[in-house]
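So the chains spell out like this:
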Amino acid sequence: MGLGLPQDWGAALELLARAAALDFEPAAEELTLLRGADGRTDLHRWLTSPPPRPIVTDGPAILSIGQFLPAAVCDHLWRRAAVRISPALVYDPTTGQGRRDPVRSNDAARFELPQMDVLLALVRERIARVAGLPVAGLEWTQVLRYAAGQSFDWHVDWLDPANPAYAEDLRRRGQRIATCLVYLNDDYEGGETAFEAGALRWRGRKGDALLWANTLPDGTVDRRTRHAGLPPTLGEKRVLSQWLRGRAPQP
């Protein structure tokens, strides 16, 4: 991941192979998912995303990416998340911590450094590259679950620079420039990602991604990005959620 020493995917894969050779089952599963039909791991393929496609012609920059992740990787990410899922939180600007709030009734699992593996690190790198932002600016990845009737009501992902409570966070980490969602399943009804701009309602297929910019080219926040996770009417929606900042955290 490039934390404390230069990023080296070759070394990471070598260590993963050594772990698998020592019968560490999670490493063996990762290698199976990373390898192609020829039994080799093609790093170029992993780090190169399909091209994004704009889905809004007059409004905020919102793009879809078809087949961003293979279905088997989506299943793997959900299995890892399912054992650590808990009620989702919202950001409390007073404490800087998460808190429960009626605006959000869905569940979430957050992957911090101790929960990271090589496969998730590659997924994060893939997201950063397609967004054109540094991987060091990615917040910790979350996997969200929306059971039938659960939602995340209308909100924005950017931090309001006019609110003094966000000043220290913005100084240290910069603005949330972009958001990426990857749909981990599609066997549910309802559950669209909704934007006020253009009354957009979007549902990706399993493995598809939705990427949008929370800021304008001049760096100011794009107030047109107010959105919501609408409730599924049948079944359970699962998505990977990734917020991206423009730089690594500062002291």
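In case you missed it, the structure is sitting above this.
Residues numbered from 1 in each chain as written. Predicted model: local features only at pLDDT ≥ 70, side-chain atom pairs only at ≥ 80, totals over all residues. Heavy atoms only, no water.

### Some points on the overall build of the protein
- In terms of helices and strands, the protein carries six helices and 16 strands.
- For the protein, whose C-alpha radius of gyration is 18 Å, the value lies close to the compact-globule estimate of 18 Å for 251 residues.
- Overall size of the protein, expressed as C-alpha extent along the three principal axes, is 50 × 45 × 35 Å.
- For the protein, buried positions account for 46% of its 251 residues.
- Relative to all contacts within the protein whose residues are 6 or more apart in sequence, the contacts with residues 24 or more apart total 74%.
- About 12400 Å² of surface is accessible on the protein, with carbon and sulfur atoms providing 54% of the total.
- Taken as two groups, the 31 positive and 31 negative side-chain charges of the protein have centres that lie 2 Å from each other. (Helix = DSSP H or I, 4+ residues; strand = E, 2+ residues; numbered from the N terminus. Rg over C-alpha atoms; globule rule 2.2 N^0.38 Å. Buried < 20%, exposed > 50% of the residue type's maximum accessible area, 1.4 Å probe, protein only. Contact = heavy atoms within 4.5 Å. Areas by Shrake-Rupley, 256 points an atom, 1.4 Å probe, with all protein chains shown as cover. Lys, Arg positive; Asp, Glu negative; His and termini not counted. Charge placed at Lys NZ, Arg CZ, Asp CG, Glu CD.)

### Points about the sheet that holds strand β6 (residues 107–111)
- Strands sit in the order β1-β2-β13-β9-β16-β7-β6-β3 across an open sheet of eight strands; the sheet is antiparallel. Sheet topology places β1 (53–54) and β3 (86–87) at the edges, where each strand pairs with a single neighbour.
- Note: strand β7 (residues 141–146) against strand β16 (residues 237–245), five bridges, orientation antiparallel. Across the sheet, the residue bridging to Val143 is Leu240, located in β16.
- Sheet contacts for helix α5 (residues 118–131): β2 (62–65), β6, β7, β9 (176–183), β13 (209–213) and β16; angle to β16, the most-contacted strand, approximately 60°. (Pairing = 2+ DSSP bridges. Axes fitted to C-alpha atoms, helices over the stretch in contact; angles between N-to-C directions.)

### Let's talk about unusual backbone geometry
- Look at Asp23: it is not a glycine, yet its phi comes out positive at around 70°.
- If you trace the backbone, Asp23 turns up in the loop between α1 (9–21) and α2 (25–34).
- The residue Ala199 is not glycine, and still its phi comes out positive at about 50°.

### With respect to the pairing of β13
- Burial of β13 is extensive: four of the five residues sit out of reach of the surface.
- By the bridge criterion, four bridges tie β2 to β13 in an arrangement that is antiparallel. Bridging from a neighbouring strand, Ile62 pairs with Trp212 of β13.
- Summarising the sheet, β9 and β13 pair through five bridges and their orientation is antiparallel. Bridge pairing links Val182 to Ala209 in β13.

### What to know about α5
- For α5, spanning 14 residues, the distance from its first C-alpha to its last is 20 Å, which sits close to the expected 20 Å at 1.5 Å a residue.
- Burial of α5 is extensive: twelve of the 14 residues sit out of reach of the surface.
- Those residues of α5 not exposed but buried are Val118, Leu119, Leu120, Ala121, Leu122, Val123, Arg124, Glu125, Arg126, Ile127, Ala128 and Val130.
- Looking one or two places after α5, you find Gly132, whose phi comes out positive at around 70°. (Expected span 1.5 Å × (residues − 1).)

### A few points about the sheet that holds strand β14 (residues 227–229)
- Spatially, the four strands line up as an open sheet ordered β8-β14-β11-β12, and their pairing is antiparallel. The open sheet is flanked by β8 (152–155) and β12 (200–202), the only strands paired with a single partner. In this sheet, neighbouring strand axes are inclined to one another by 15° on average, regardless of whether the strands run parallel or antiparallel.
- The sheet contact formed by strand β11 (residues 193–195) and β12 spans three bridges and is antiparallel. Paired with Phe195 across the bridge in β12 is Leu200.

### Here's the deal with the pairing of β2
- Pairing analysis gives two bridges linking β1 to β2, with the strands arranged antiparallel. Across the sheet, the residue bridging to Arg53 is Ser64, located in β2.

### Remarks on the environment of Arg176
- Structurally, Arg176 can be placed in strand β9.
- Note on Arg176: relative accessible area 5%, which makes it buried.
- Residues Arg176 and Asp157 lie 19 residues apart in sequence; the distance between their C-alpha atoms is 6.9 Å.
- In contact with Arg176, not counting residues within four places along its chain, are Glu139, Asp157, Trp158, Leu159, Asn214, Thr215, Trp243, Leu244 and Arg245.

### With respect to the nonpolar core
- Ranked by internal contacts, the top residues of the largest apolar core, which has 43 residues, are Leu34, Phe68, Leu69, Val73, Val182 and Leu240.
- In terms of residue count, the dominant contributor to this core is α5 (nine residues).
- The contact partners of Leu34, leaving out residues within four places of it in the chain, are Leu13, Leu16, Arg40, Thr41, Arg45, Trp46, Val118, Leu119 and Leu122.
- Counting residues in hydrophobic clusters, the runner-up holds 18 residues, among them Val90, Leu144, Tyr146 and Trp212. (Core = buried A, V, L, I, M, F, W, Y, C linked by side-chain atoms within 4.5 Å.)

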